[in-house]
Amino acid sequence: MLTVSRDVIRHEDEFYILASSSRVDDRTRVLKHGDTFAVYDRFGDLAPVGLGELGIYHEGTRFLSRLGLTIANHRPLLLSSTVTEDNARMVVDLTNPDYRVGSMADVQAVIARGTVHVARETLLWRGVGYERLTIINYGSGRVSIPIRLDVDADFADIFEVRGTRREATGARLPPVVEDGELLLGYLGRDERERRLRLRCTPRPTRVESDALHFEIDLAPKERAVYVLTFGFEIGQARPHVQVYDDAVREAQRDREASGTFDCHARTSNEQFNEWLNRSLADLHMMTTDTPQGPYPYAGVPWFSAPFGRDGIITALQLLWVNPATARGVLAYLAANQARESNPDQDAEPGKILHEARDGEMAALHEIPFGRYYGSVDATPLFVLLAGAYEERTGDRELIDAIWPNIERALDWIEQRGDADGDGFVEYTRHSSQGLLHQGWKDSHDAIFHADGTAVEGSVALCEVQGYVYAAKRQAARLLRARGDERRADKLDHQARGLRRRFDEAFWCEELGTYALALDGAKRPCRVRTSNPGHCLFTGIASRRRARRVADTLLGEDSLTGWGIRTVAAGEARYNPMSYHNGSVWPHDNALIASGFARYGFRDATLRILTGLFDASLFVDLHRLPELFCGFPRRPAEGPTLYPVACAPQSWAAGAVFMLLEACLGLSIQAAHRRICFRRPMLPESLETVWLRNLHVGDAIADVCLHRHGQDVGLTVLNRTGRVEIVMVK
């Protein structure tokens, strides 16, 4: 429940993301590298306005909370602002407003707007923020340009920025100005010192504890260039600060290398290409190198950390594009699998991580998310991904290495995941600080009965049973490859039994779909939601039920024109502006569209692709956000944005690749060295799709698919190595 008293907002969900005012500008600019990310406004500034999320964050702490550039005490005029196509740099063009030189009583000159050009280029690289300021005088006479850069560091934990209140915080250290350098520090209650080290080359005119001053005098067409570096230091660690151009070149080489093994999709529609390109660039930006390999962090700003469920689904979305992501996700989650019970972390032996956080509050256990396992679905999804990855790559070495983890995950599914022994996997919160609901819809009000009352007791979600079904099928296939036919047969038998019991317990004839969940008394939550679409994705839905589920999801109460709502209009808790009870999530829709394709519902798959593509045309940078509001589509208007949605969000960026895979009927079987297109289809907006650099083992293929009316033809453009490419009509 949300209550408002004067200007204080309280919410019963302890980790609710506070939004007490609107964003000043929805077109924020985001950069990320490793464990550092930044959210700027379009001017390249940081200020405590709107939702208050602007800042540069490093390892869970906001190191820079204020960065404001003024010219003669005026905010400059914005000319343009963007992030480069590879997401490496933010580029902002500004100019001066009209301003007077001299006092009001003695005006010496009036500098007309548009005389001075200020270019800001910003880069994050290896724990350092870089900003290059280039100031050029395009006037006909010499000008004096007073520029001020206000700075501050609040060292707030990301959960403080989100709205979580703390009983006590650490202490700000006295600012140090020395040798043209500004050092701002904070000693946390975790006894770790965090410091922001700011240096400018060449030196500014004056450095104060909260500002840098530049008195710049330029002849016509003359320029001045300054490079600022922001070093983010924790304890004794000090990042290496490079020359700006060297850092840019190194970052570009890294971006190019990271995409070497990507399959690159291009189409006949340039707007669709922009969606594809931005999505792939976002995924590269969101991916952080861990000791176990690359891992896609969930989303900026609120979820820039490893999340089990998000990482697995993102890896599934990208499996055909580049399976290296799946390898990194599997290795990381295996290394962080729970080994013992810890109720404070909702941890049990065999469970797969929900999320991992750095920062002061995590270190002090003020939040449970330092290592938190309150996810009922990450564990079966881990097994599902392992099987899908092996099928795509034939990488038995990794599967052998993580086989003990797969076994422990299967044991958890069989025992603790099904604590009451009814054959369904349920969740119950054990941590007093943890998440009440532990499926992908994990907000406090997301699981409910038809009359709107909250569920009680252990909860069995419909989609989780689908994940378990698919996990057992994949595990059985892996066991057969390992020569264990007896256990494989046992798991296949369990999967068939689960499918039968699921159909009996969850089907709601009057709704034409599966129940959202079963509560602790095994009563079904008879609510129309998007969750059953995941049951199509995993194949647990019987073929005779699948058509009914699809028709319900495509009904006007669920389909907005942009995508399928999380909760259908008319249900008790339906609210198109809610987080999980009526909004539209791109990743949710991509999984549903993949499910439609699995059962042969071709037109339904195309409708989802078309709706999300149309939505991408209206959002900044063609970047689909984490979610948007579930209002019906209106002519000549874009989707209504959700105020605290993450953008970029990895599984939102990955949605386009799963949608394209579903439409093309694309599957890859490494064991048979085969690329298969099963009944491919393309929307009217796409005549041609080219896939280049599609790897199958050591073989590479380039193909072209071209639409002829309702049919799609296939042309093999290039083939290196032994690989079979087939189309099934």
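Since the structure is predicted, the reported quantities are computational estimates derived from the model, not experimental observations. (Residues numbered from 1 in each chain as written. Predicted model: local features only at pLDDT ≥ 70, side-chain atom pairs only at ≥ 80, totals over all residues. Heavy atoms only, no water.)

A word on the overall build of the protein chain. If you tally the helices and strands in the protein chain, you get 16 helices and 35 strands. Taking 2.2 N^0.38 as the reference for a compact globule, 729 residues should give roughly 27 Å; the C-alpha atoms of the protein chain span a radius of gyration of 27 Å, in line with that estimate. If you line up the protein chain on its principal axes, its C-alpha atoms span 90 × 60 × 50 Å. The buried share of the protein chain, taken over its 729 residues, is 61%. Here the contacts in the protein chain between residues at least 6 apart in sequence split such that 66% fall between residues at least 24 apart. Looking at the protein chain as shown, the accessible area adds up to about 28400 Å², and 47% of this sits on carbon and sulfur atoms. Charged side chains in the protein chain number 88 positive and 99 negative. The centres of these two groups are separated by 4 Å. (Helix = DSSP H or I, 4+ residues; strand = E, 2+ residues; numbered from the N terminus. Rg over C-alpha atoms; globule rule 2.2 N^0.38 Å. Buried < 20%, exposed > 50% of the residue type's maximum accessible area, 1.4 Å probe, protein only. Contact = heavy atoms within 4.5 Å. Areas by Shrake-Rupley, 256 points an atom, 1.4 Å probe, with all protein chains shown as cover. Lys, Arg positive; Asp, Glu negative; His and termini not counted. Charge placed at Lys NZ, Arg CZ, Asp CG, Glu CD.)

Let's shift gears to the sheet that holds strand β21 (residues 264–267). Neighbouring strands of a sheet are bound in pairs by backbone hydrogen bonds; such pairs are parallel or else antiparallel. Taken together, four strands build an open sheet; the order of strands is β21-β32-β33-β34 and the sheet is antiparallel. Here the strands that pair on one side only, and so sit at the sheet edges, are β21 and β34 (711–720). In this sheet, adjacent strand axes meet at a mean angle of 15 degrees when their direction is disregarded. With nine bridges joining them, strand β33 (residues 699–708) and β34 adopt antiparallel strand pairing. Within the sheet, the bridge partner assigned to Leu705 lies in β34 and is Leu714. (Pairing = 2+ DSSP bridges. Axes fitted to C-alpha atoms, helices over the stretch in contact; angles between N-to-C directions.)

Attention now moves to the packing of helix α9 (residues 462–481) against helix α10 (residues 485–506). The N-to-C vectors of α9 and α10 enclose an angle of 165 degrees; their axes lie 8 Å apart at closest approach. In terms of orientation, α9 and α10 fall into the roughly antiparallel class. In this structure, α9 crosses over α10, and the sense of that crossing is left-handed. Listed contacts from α10 to Cys462, Gln465, Val468, Tyr469, Lys472, Arg473, Ala475, Ala476, Leu479 and Arg480 of α9 are Glu485, Arg487, Ala488, Asp489, Leu491, Asp492, Gln494, Ala495, Leu498, Arg499, Phe502 and Phe506. Looking at the contact of α9 with α10 residue by residue, the classes come out as 12 nonpolar, two polar and eight charged. (Parallel < 35°, antiparallel > 145°, perpendicular 65-115°, else oblique. Left-handed = near helix turned anticlockwise from the far one by under 90°. Nonpolar A, V, L, I, M, F, W, Y, C, P; charged D, E, K, R; others polar.)

On to unusual backbone geometry. Put simply, Val300 and Pro301 share a cis peptide bond, and its omega is 5 degrees. You can see Pro301 is positioned in the loop between β23 (293–296) and α4 (308–318). In this structure, Pro648 follows Ala647 across a cis peptide bond, with omega equal to 10 degrees. With respect to the secondary-structure elements, Pro648 resides in the loop between α14 (602–616) and α15 (650–653). Positioned with a positive phi, Glu191 is a non-glycine residue whose angle comes to about 65 degrees. Its location among the elements puts Glu191 in the loop between β16 (181–187) and β17 (193–201). Overall, Glu191 belongs to the exposed group, its relative accessible area being 73%. A positive phi angle, near 65 degrees, is found at Lys522, a position not held by glycine. Structurally, the position occupied by Lys522 is in the loop between β29 (517–518) and α11 (531–538).

The next point concerns helix α5 (residues 324–335). Taking 1.5 Å of rise per residue, the 12 residues of α5 would be expected to cover 16 Å, and the 17 Å separating its terminal C-alpha atoms lies within 8% of that figure. Across the 12 residues that make up α5, a large majority, nine, are buried. Of the positions making up α5, those classed as buried are Thr325, Ala326, Gly328, Val329, Leu330, Ala331, Tyr332, Leu333 and Ala334. (Expected span 1.5 Å × (residues − 1).)

Once that is clear, we can look at the packing of α11 against helix α13 (residues 586–598). When two helices pack together, you describe them by how their axes are tilted relative to each other and by the distance separating the axes. Two elements in contact, α11 and α13, have axes separated by 7 Å at closest approach and are oriented at 45 degrees. When the axes of α11 and α13 are compared, the pair comes out oblique. Along this stretch, α11 crosses α13, giving a crossing that reads as left-handed. Together, Gly533, His534, Leu536, Phe537 and Thr538 of α11 and Asp588, Leu591, Ile592, Ser594, Gly595, Phe596 and Arg598 of α13 make up the contact between the two elements.

A few words now on the pairing of β17. Summarising the sheet, β16 and β17 pair through seven bridges and their orientation is antiparallel. Its bridge partner lying in β17, Tyr186 is registered against Arg194. Counting the residues in the hairpin turn of β16 and β17 gives five residues, including Glu191, whose phi is positive at 65 degrees.

What follows is about the packing of aromatic side chains. The description of an aromatic ring pair uses the distance of the two centres, along with the angle that the planes make with each other. With the rule as written, the count across this model stands at 24 aromatic pairs. Aromatic pair Trp275 and Phe613: ring centres 6.1 Å apart, planes at 20 degrees, arrangement stacked. Here Trp275, found in helix α3 (residues 270–286), pairs with Phe613, found in helix α14; they are 338 residues apart in sequence, far enough to count as distant. Accessibility classification places Trp275 together with Phe613 in one group, the buried group. Here the aromatic rings of Tyr599 and Phe601 are separated by 6.2 Å at their centres, their planes lie at 20 degrees, and the arrangement is stacked. Among the residues examined, Tyr599 registers a relative accessible area of 9% and is labelled buried. Taken together, the ring pairs in this structure connect Phe424, Phe502, Phe506, Trp507 and Tyr514 into an aromatic cluster. (Phe/Tyr/Trp six-rings, centres within 6.5 Å; stacked < 30°, edge-to-face > 60°.)

We now examine the pairing of strand β3 (residues 29–33). Here is the key point about a regular strand: its side chains alternate between the two faces of the sheet. Along β3, five of the five residues are buried, which leaves the element largely enclosed by surrounding structure. Across the two faces of β3 the burial is the same, with Arg29, Leu31 and His33 and Val30 and Lys32 all buried. Across five bridges, the pairing between β3 and strand β4 (residues 36–40) is antiparallel. Counterpart to His33 in the pairing with β4 is Thr36. From the end of β3 to the start of β4, which pair antiparallel, there are two residues, and Gly34 there has a positive phi angle of about 60 degrees.

In this fold, Val225 is placed in strand β20 (residues 223–234). Here Val225 falls in the partly exposed class, since its relative accessible area comes to 36%. C-alpha separation for the pair Val225 and Gly141, spaced 84 residues apart in sequence, amounts to 19 Å. Setting aside residues up to four positions removed in sequence, Val225 forms contacts with Arg132, Leu133, Thr134, Thr201 and Pro202.

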